[in-house]
Amino acid sequence: MRWLLSSTIVAAGVALAAGSAQAVDLTIVSWGGAYTASQQKAYHDPYMAANADVNIINDDNAAEGLAKVRAQVESNNVTWDIVDMVAADAITACDEGLIMEIDPDTWLAPAPDGTPASEDFFAGTLSPGGTNCFIPQIVYSTTFGYRTDAFEGDQPSTIADVFDMEKYPGKRSLERRPINNLEWALLADGVAPADVYATLSTDEGVQRALAKLDTIKDQVVWWTKGAQPPQLLADGEVVMASAYNGRLFSAIAEKNQPIAMLWDRQVFDLDGWVVPVGVKDLEAVKAYLYFATDTQRLADQAKFISYGPARYSSAPLVGNHADLGIDMKPHMPTDPNNAATIFDFDYVWWADHRAELDEVFNTWLAK
Amino acid sequence: MSTAADDTLRTADGVPLKTSLRRATARRRVRTFLLVVPILAFLMVTFVFPVVDMMFRSVDNQIVSSVLPRTTLAIQSWDPGSEELPPEFVYEALVLDIQESFKDKTLGRAGRRLNYEKSGVMSLFRKSGRRAKRITEAPFKDQVLAIDERWADLETWQLIHQESSALTESYFLSAADLRVDYKGEISWKAEERRIYLFLFYRTLWMSGLITVFCLLLGYPIAFLLATLPPRHSNLLLILVLLPFWTSLLVRTTAWIALLQSEGVLNDLMVFLGFISDDGRLQMIHNKIGTFVAMTHILLPFMILPLYSVMKTIPSSYMRAARSLGASPFTSFVRVYMPNTVPGIGAGCILVFILSIGYYITPALVGGRTGTFISNIIALHISETLNWGLAAALGVILLALVLLLYFLYDRIVGVANMKLG
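Starting from 1, residues in each chain are numbered consecutively following that chain's sequence as written. Lettering of chains starts at A and numbering of ligands starts at 1, both following the order in which they are written. Local features are withheld for residues below a pLDDT of 70 in this predicted model, meaning they are given only at 70 or higher, and side-chain atom pairs are given and counted only at 80 or more; totals for whole chains, interfaces and linings count all residues. Values reported for side chains reflect all heavy atoms of the structure, with hydrogen atoms and water molecules removed beforehand.

1. Some details on the overall build of chain B
Counting from the N terminus, the helices are the DSSP runs of H or I reaching at least four residues and the strands are the DSSP runs of E reaching at least two. Secondary structure assignment for chain B yields 20 helices and two strands. As defined in this context, the radius of gyration uses C-alpha atoms, and a globule is described by 2.2 Å times the residue total to the power 0.38. In terms of C-alpha radius of gyration, chain B reaches 32 Å, well past the compact-globule figure of 22 Å for 420 residues. When its C-alpha atoms are laid out on the principal axes, chain B stretches across 105 × 100 × 35 Å. Buried positions account for 41% of the 420 residues belonging to chain B. Summary of the burial criterion: residues with accessible area below 20% of their type's maximum are buried, those above 50% are exposed, and those between are partly exposed, where the area comes from a 1.4 Å probe applied to protein chains only.

Right, dumping it as structure tokens:
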């Protein structure tokens, strides 16, 4: 018995040693669902096919990404290799020294025509808020979807219609946080887009936004996870909902739900890769990132989900949906027809005011 | 030869029996202790240490003085009540601190800390970090003021002065909807920012009501379980335990499917003509949702202690009461129920304590009006990263539980509680 046990332990030890000599495990943290699936197909699978020694482990905890990266770095126990983050969180993490600074031209592949990476990513996206720790992958937008069978005659087409309970009665769904909602409320209340953040910087401006939200408060179902609003729309629980455009696309095109997009005042945001400070195998991480963020890979991701690749050189390569065969270009938030009235989101302003407005918003919400 | 020493009993090898006994019990005590060492170590590492660490975070304020060591020292000589900006040497200290911490990438941490007290400090620090590199010689004050006019704002300096000590009370004050100014005067926060006391209050009264619902629903079931013949009661017990073994998320989501306005219950009522199609009832994403789902999820924690107590009450008690002339109702209320008090106490305290710390169910079905304090703690842990405030709220919640447990002990007596 004892002999069996010890020989098993030795064998396991040998196997482990042999395994670690060859295989590299990369733990990549992302958002799960259709989004991770698109990264799996566009990035992970081809990378693992080309590099037999690399094993990619998906972790779906990106929603707690910032908090967990902070916990891992502070306790000197970094188990994540690459994390998918929105730009605002990357600014915070970079400011606090939790994630690595990146030199785009040595870390990232140039465009096929030789343009260096620093000039090939959309202007400013490599340095959100003046930081330099972020590798953008996609441009996504938070915008509205509505049920096409909810209203007779005119369909909603502007942000003001979201707040118009008389013309478009029915429940709405909004994200349970102040970001975007306060801006949309002011826009619907007639504030010019350029003045939104100046208005919100005053107490009266915040109260004005909340007063506008008061007009629909009783009719709002508040969501916290990206998968909720398309589900609420599909169930007929609400007639309009703010949501990530890719989730709405999936409900509309892949699941044939009676939902349409309302692109007015959509808010662009960036999603990209960051690397925690103290990552174990930096060379393996860099090799993966070099591959996964090149022009073709970013364009490939758009075959599976309707988020726009963050490189200029990827845009012309965006083709048809991998399964449905439909042209993906008109579904991209960056398509000129959809992007006529985008709202410019201010990360830096929110980094300053988030703590205060969270309290104000949650107080308003609870009462 | 009859001295006192010779009277003592001795063992075969001449040691006094008392000493020998003491040694033997000491040895046994050590052995017992060694046996519990693993579980004790486990509890220390996984429970006591994290709790203490969390409690410390609620007052820990070393971040400002460790990132800006020179400034926090220099500013002590400045009177925050004066109408004048700090003198030149404070600005010199600030420039040196900012340059160093910007290089080490720690400046952002101090900026975030101070931003909790005053919006805008975060971007002020970030901007200053980038620009302060160029400042190499006097006059420092003028060059710092040229970076951003907020450095000429007395409030900025009052805040740094106030937060330069290693411990802070501001998280606890904030958790009680209070704020403290540079003079040390405590006042209420602005009306539109008072949220935490309201949420504590809501958590407590809703948990209390959930406990009452659980008791009202659980008592008859436990009684049935304890009095039915085993054949039937075993089946019933499985029906009680089955949901207990089902995933929490599944049960919560099932309530959403049942209660939502296009859900099963509303559909049924519309079909039967009780309500019109436009008048569907809102039974989820509000208080009702939290009450229903939480009562269902916590019900087994009420039934099981009640059942285990009722099981031990001999049926002859009731028969005796009846034969002495009590009506069935009187004998139940006067004889049976007092015997179940230990079970009621255990069930209620179990359900209540589980309920006030509950997080996932209120988050999913509570909507705007049915969420608890734990949901805001989660927000501060994972989204706003204000761990100090989250820790302060957690400590208050822990203190509340301990206080209630203490009150319960004084009124009912913990010794009377029976968990099974």
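2. Description of the overall build of chain A
Helix and strand content of chain A: 15 helices and nine strands. In terms of overall size, chain A behaves like a compact globule, its C-alpha atoms giving a radius of gyration of 23 Å where 367 residues would be expected to give roughly 21 Å. Taken over the C-alpha atoms alone, chain A extends approximately 80 × 50 × 45 Å along its principal axes. When burial is assessed residue by residue, chain A has 55% of its 367 residues classed as buried. Summarising the internal contacts of chain A: among those between residues at least 6 apart in sequence, 73% fall at separations of at least 24. With an accessible surface of roughly 14600 Å², chain A has 53% of that area assigned to carbon and sulfur atoms. Each charge class in chain A can be summarised by its mean position, and for the 25 positive and 51 negative side chains these summaries are 6 Å apart. Whether two residues are in contact is decided by their heavy atoms, any of which lying within 4.5 Å being enough. Per-residue and other accessible areas were derived by the Shrake-Rupley procedure at a 1.4 Å probe size, with only the shown protein chains allowed to occlude residues. Think of it this way: Lys and Arg go in the positive column, Asp and Glu in the negative one, and His and the chain ends go nowhere. The location of each charge is read from NZ of Lys, CZ of Arg, CG of Asp or CD of Glu.

3. Things to note about the domain arrangement of chain B
When the parts of a complex come together, some accessible area is lost, and that lost area is often used as the size of the interface. The domain limits used here are those given by an automatic or database domain assignment. Examined at the domain level, chain B breaks down into domain 1 (2–57), domain 2 (63–166) and domain 3 (196–416). Placing a centre on the C-alpha atoms of domain 1 of chain B and another on those of domain 2 of chain B gives a separation of 56 Å.

4. What to know about unusual backbone geometry
Omega for the peptide link from B:Ala138 to B:Pro139 comes to 0 degrees, which places this bond in the cis form. With respect to the helices and strands, the residue B:Pro139 is situated in the loop between α7 (121–131) and α8 (140–147). Of note in the backbone geometry, A:Asn180 takes a positive phi value of approximately 75 degrees without being a glycine. Although it is not a glycine, B:Lys105 sits at a positive phi angle of roughly 60 degrees.

5. What about the domain arrangement of chain A?
All names here are of chain A. According to the domain assignment, chain A consists of domain 1 (20–139 + 270–331) and domain 2 (141–268 + 339–366). The centre of domain 1, based on its C-alpha atoms, is set 28 Å off from the matching centre of domain 2. Listed as interface residues are 16 residues of domain 1 and, on the opposing side, 12 residues of domain 2. Using a 1.4 Å probe, buried area is obtained as the accessible area two parts lose upon being combined, added over both of them. Here domain 1 and domain 2 share an interface that buries about 1200 Å² over both sides, 64% of which is from carbon and sulfur atoms. Salt bridges are defined as contacts in which a side-chain nitrogen from Lys or Arg sits within 4 Å of a carboxyl oxygen from Asp or Glu. Summed over the shared surface of domain 1 and domain 2, the number is zero salt bridges.

6. A closer look at the side chain of B:Thr295
Residue and element names in this part refer to chain B. Structurally, Thr295 is set in helix α15 (residues 287–310). Residue classification places Thr295 among the buried residues on the basis of a relative accessible area of 6%. Other than its neighbours up to four places away in sequence, Thr295 contacts Ile210, Phe213, Cys214, Leu217 and Thr290.

7. Some words on the interface of chain A and chain B
With 43 residues of chain A in contact, the opposing surface of chain B contributes 43 residues. The contact between chain A and chain B buries some 3800 Å² in all, and 46% of this surface belongs to carbon and sulfur atoms. A per-residue breakdown of the area chain A buries against chain B is headed by A:Glu237, A:Asp352 and A:Glu359, which together make up 16% of the total. When the shortest N-O distance is used, the salt bridge between B:Arg193 and A:Glu359 registers 2.9 Å. The element contributing the most residues to the side of chain A that touches chain B is helix α15 (residues 347–366) of chain A, with 15 residues.

8. Quick word on α15(A)
All names here are of chain A. Roughly 60 degrees is the biggest bend found in α15, and it falls at His353. Where burial is concerned, most of α15 is hidden: 17 out of the 20 residues are buried. Contacts described as polar in this section are N or O atom pairs within 3.5 Å, which, within protein, must combine one atom able to donate a hydrogen with one able to accept it, while residues neighboring in sequence count only if both atoms come from side chains. A side-chain oxygen of the first residue of α15 lies 3.1 Å from the backbone nitrogen of Val348; this N-cap is Asp346. In this analysis the local bend is the angle between axes fitted, respectively, to the seven residues ending at and the seven residues starting at the residue.

9. Quick look at the layout of surface pockets
Site definitions follow a grid-based scheme: protein atoms alone, a 1 Å grid, a 1.4 Å probe that fits but cannot get out for cavities, and for pockets an open set with protein on both sides within 12 Å along at least five of seven lines, plus lining residues having an atom within 4 Å of a point. Grid points are joined across faces, edges and corners, and a volume is the space filled by probe spheres set on the points. Estimated volume of the second largest pocket: approximately 890 Å³. Lining the second largest pocket we find 37 residues, and of these B:Glu117, B:Lys118, B:Ser119, B:Arg179 and B:Arg193 sit closest to its centre. Mapped onto the lining of the second largest pocket, the elements with two or more residues apiece are α10 (203–214) and α15 of chain A together with α9 (154–162), α10 (170–175) and β1 (178–180) of chain B. When residues of the lining of the second largest pocket are assigned to their parent elements, the largest contribution, six residues, is made by α15(A). Residues are grouped as follows: nonpolar covers Ala, Val, Leu, Ile, Met, Phe, Trp, Tyr, Cys and Pro; charged covers Asp, Glu, Lys and Arg; every other residue, Gly included, is treated as polar. Class assignment for the residues of the lining of the second largest pocket results in 14 nonpolar, 12 polar and 11 charged.

10. Structural notes on the packing of helix α11 (residues 196–227) of chain B against helix α20 (residues 387–411) of chain B
Residue and element names in this part refer to chain B. Only C-alpha atoms enter the line fits that serve as axes; for helices the fit covers just the stretch in contact. Angles between N-to-C directions range over 0 to 180 degrees. α20 packs onto α11 with a crossing angle of 35 degrees between their chain directions and a minimal axis gap of 12 Å. Seen from above, α11 lies across α20 with right-handed handedness. Taken together, the residues of α20 that come into contact with α11 (itself represented by Tyr196, Phe200 and Leu204) are Leu389, Leu393, Ile396, Leu397, Leu400 and Leu404. Grouping the amino acids of the contact of α11 with α20 by side-chain chemistry returns nine nonpolar, no polar and no charged. Crossing handedness: left-handed means the near helix sits turned counterclockwise from the far one by under a right angle, and right-handed means the same turn made clockwise.

11. Notes on the pattern of salt bridges
Residues and elements named next belong to chain A. Evaluated as defined, the whole model comprises 28 salt bridges over all chains. In this structure, Arg354 and Asp358 form a salt bridge, with 3.0 Å as the shortest nitrogen-oxygen distance. Remark: Asp358 and Arg354 occur in helix α15; sequence separation between them is four residues, near one turn of the helix. Accessibility expressed as a relative area gives 3% for Asp358, which makes it buried.

12. So, helix α12 (residues 230–245) of chain B
Residue and element names in this part refer to chain B. Here, expected helix span is obtained from the residue count minus one, scaled by 1.5 Å. Between its first and last C-alpha atoms α12 spans 21 Å; for 16 residues at 1.5 Å apiece the expected length is 22 Å, and the two agree. The set of residues buried in α12 consists of Ser233, Leu237, Val240 and Leu241. Packing partners of the buried residues in α12 comprise α11 and α15.

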